[in-house]
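# Structural characterization, general
Listed here are the chains, written in short residue letters.
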Amino acid sequence: MKRHEPLRIGFIGIDTSHVVAFTELLNDAEHPYHVPGGNVCSAYGVKSADFQKSYGRMDGYIEALTQRFGVKLAASIEEVAEQSDVIMLESVDGRVHLEQFKRLSPFRKPVFVDKPFALTSADALFMKALAEEQGIPVMSCSALRFAEGLSQALANTPDGEIIGAECYGPMELEPTQPGMFWYGVHTADMLYRVLGKGCIRVRATTNADHDVITCEWADGRIGVIRGNRRGNSTFGGIIHRVGGSSFIDIASSDKPYYASLLEQVMIMFTTGKPPIDLNETVEIIRFMEAVGESRQTGALVTL
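Residues numbered from 1 in each chain as written. Predicted model: local features only at pLDDT ≥ 70, side-chain atom pairs only at ≥ 80, totals over all residues. Heavy atoms only, no water.

Taking an unreviewed UniProt entry as the reference, the protein is identified by name as Gfo/Idh/MocA family oxidoreductase belonging to Paenibacillus albus.

Okay, here's the thing in structure tokens:
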């Protein structure tokens with residue numbers, strides 16, 4: 001793939017606030033947390049007719065991209081791919097990611113897929129297989145995975161190896177993106193950043209206001225997620241080590257976690273080496289799928 005300086009970044013999907021936040025950080029060299037190396041140049045998106053957070057907000061995001069940042073609107077996914085060196089698949093509706101990724105795959109350009117990667121493990125496995133078949137570098141995660149507060153807590157290692165973790169955050173529900181897939185994905189990604197792959201079973205307790213999800217890893221470690229729909233709407237957690245426990249203070253840094261995420265995305269775009277194992281991404285989708293099954297039945301569900 002011919003490289004340009006800076007890289008030409010194309011958006012597929014214009015129905016999330018992320019497209020404006022990301023473009024500001026990438027295109028505005030005067031921003032205090034500017035992420036260098038690429039500029040958003042073109043974008044294409046369609047609205048999901050049954051998803052208010054898609055059809056109700058897209059026009060405003062289009063105006064911001066075109067008027068504030070001079071991003072050009074393309075007529076199709078293929079036109080964006082042709083005009084770009086790298087792709088950010090930003091459609092807010094996870095249901096469309098598989099079909100959009102299929103259309104991008106022949107171009108074999110690096111792709112960042114915004115959360116959630118997919119809404120079913122079957123879709124996630126198909127996307128993984130297609131990426132591997134075509135040799136496409138692919139990365140997908142929540143911005144919370146790389147929040148400075150979480151990175152700082154993980155770097156604080158005097159108490160030795162990690163034996164468990166608890167993560168909490170808001171867990172608004174959205175019918176078209178069921179269970180954890182809408183907002184619970186953030187805490188799921190936080191927990192996996194701490195514990196890595198290897199969850200074998202989950203159980204969810206849920207009511208109108210809260211979810212508590214208990215998760216067991218193959219090596220015996222236990223993770224817990226608390227999702228709130230009332231009360232505390234901040235993100236945080238606790239990392240348990242053999243010698244003590246430490247607080248994950250997501251609000252400890254002024255640096256936006258979008259900037260921290262984009263730094264990792266740009267590394268992937270320039271090196272072709274994703275910082276997250278795609279097998280872990282697929283496992284996270286199965287994890288959230290299993291949590292959804294347990295939310296419905298209250299039963300212990302095996303991944």
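So that's the structure; there's more coming.
Packed helices, taken two at a time, are described by the angle between their axes plus the distance between the axes. Viewed as axis vectors pointing N to C, helix α6 (residues 121-134) and helix α10 (residues 278-297) meet at an angle of 170°, and their least axial separation amounts to 9 Å. Comparing the axis directions of α6 and α10 gives the class roughly antiparallel. Contact residues: S121, A124, L125, K128 and A131 in α6; L278, N279, V282, I285, R286 and E289 in α10. Looking at the contact of α6 with α10 residue by residue, the class counts come to six nonpolar, two polar and three charged. (Axes fitted to C-alpha atoms, helices over the stretch in contact; angles between N-to-C directions. Helix = DSSP H or I, 4+ residues; strand = E, 2+ residues; numbered from the N terminus. Parallel < 35°, antiparallel > 145°, perpendicular 65-115°, else oblique. Contact = heavy atoms within 4.5 Å. Nonpolar A, V, L, I, M, F, W, Y, C, P; charged D, E, K, R; others polar.)

Counting buried residues along strand β1 (residues 7-12), five of its six residues qualify, which places the element largely inside the surrounding structure. A crossover links β1 with its parallel partner strand β2 (residues 38-44), the connecting element being helix α1 (residues 18-27), and its sense is right-handed. The pairing of β1 with strand β4 (residues 86-89) spans four bridges and is classified as parallel. What sits directly across from G10, in β4, is I87. (Buried < 20%, exposed > 50% of the residue type's maximum accessible area, 1.4 Å probe, protein only. Right-handed = clockwise from strand over helix to strand, strands pointing away. Pairing = 2+ DSSP bridges.)

Size it by volume and the largest pocket reaches roughly 280 Å³. Along the walls of the largest pocket sit 18 residues, with H18, K115, Y183, H186 and Y258 positioned nearest its centre. Considered class by class, the residues forming the lining of the largest pocket number eight nonpolar, five polar and five charged. Here the lining of the largest pocket gathers at least three residues from each of two domains, domain 1 (7-114) and domain 2 (144-255 + 285-302). (1 Å grid on protein atoms, 1.4 Å probe; cavity = no way out; pocket = protein on both sides within 12 Å on 5 of 7 lines; lining within 4 Å. Points joined across faces, edges and corners; volume = space filled by probe spheres on them. Domains from an automatic or database assignment.)

Attention now moves to empty space enclosed by the protein. Gaps between atoms show up when a probe of the same size as a water molecule is rolled over them. One pass over the full model with this rule turns up one cavity of 30 Å³ or more. In this structure, the largest cavity spans a volume of roughly 70 Å³. Lining the largest cavity are K115, P116, F117, S140, C141, S142, V185, D189, T281, I284, I285 and M288. Elements with a minimum of two residues in the lining of the largest cavity: β6 (138-141), α8 (185-195) and α10.

Inspection of every chain in the model, using the stated rule, returns 19 salt bridges. One salt bridge connects D219 with R221, and the closest N-O pair in it is separated by 2.9 Å. (Salt bridge = Lys/Arg side-chain N within 4 Å of Asp/Glu carboxyl O.)

As a further point, take α8. With ten of its eleven residues buried, α8 lies for the most part within the structure. Of all the positions in α8, only V185, H186, T187, A188, D189, M190, L191, Y192, V194 and L195 are classed as buried. After α8 finishes, the residue G196 shows a positive phi value of roughly 75°.

Here the focus is the domain arrangement of the protein. When its domains are assigned, the protein resolves into domain 1 (7-114) and domain 2 (144-255 + 285-302). The straight-line distance from the C-alpha centre of domain 1 to that of domain 2 is 28 Å. Contacts between domain 1 and domain 2 engage eight residues on the former and seven residues on the latter. Taking both sides of the interface into account, the surface hidden between domain 1 and domain 2 amounts to around 640 Å²; carbon and sulfur atoms contribute 60%. For domain 1, the biggest contributors to the area lost against domain 2 are Y33, F51 and K53; these three give 65% of the whole. On inspection of domain 1 and its partner domain 2, the count reaches zero salt bridges. Across the domain 1-domain 2 interface, the total number found is two residue pairs in polar contact (both at pLDDT 80 or more). Across the side of domain 1 that touches domain 2, the residue classes tally to three nonpolar, one polar and four charged. (Buried area = accessible area lost by both parts, 1.4 Å probe. Polar contact = N/O pair within 3.5 Å; in protein donor to acceptor, adjacent residues only side chain to side chain.)

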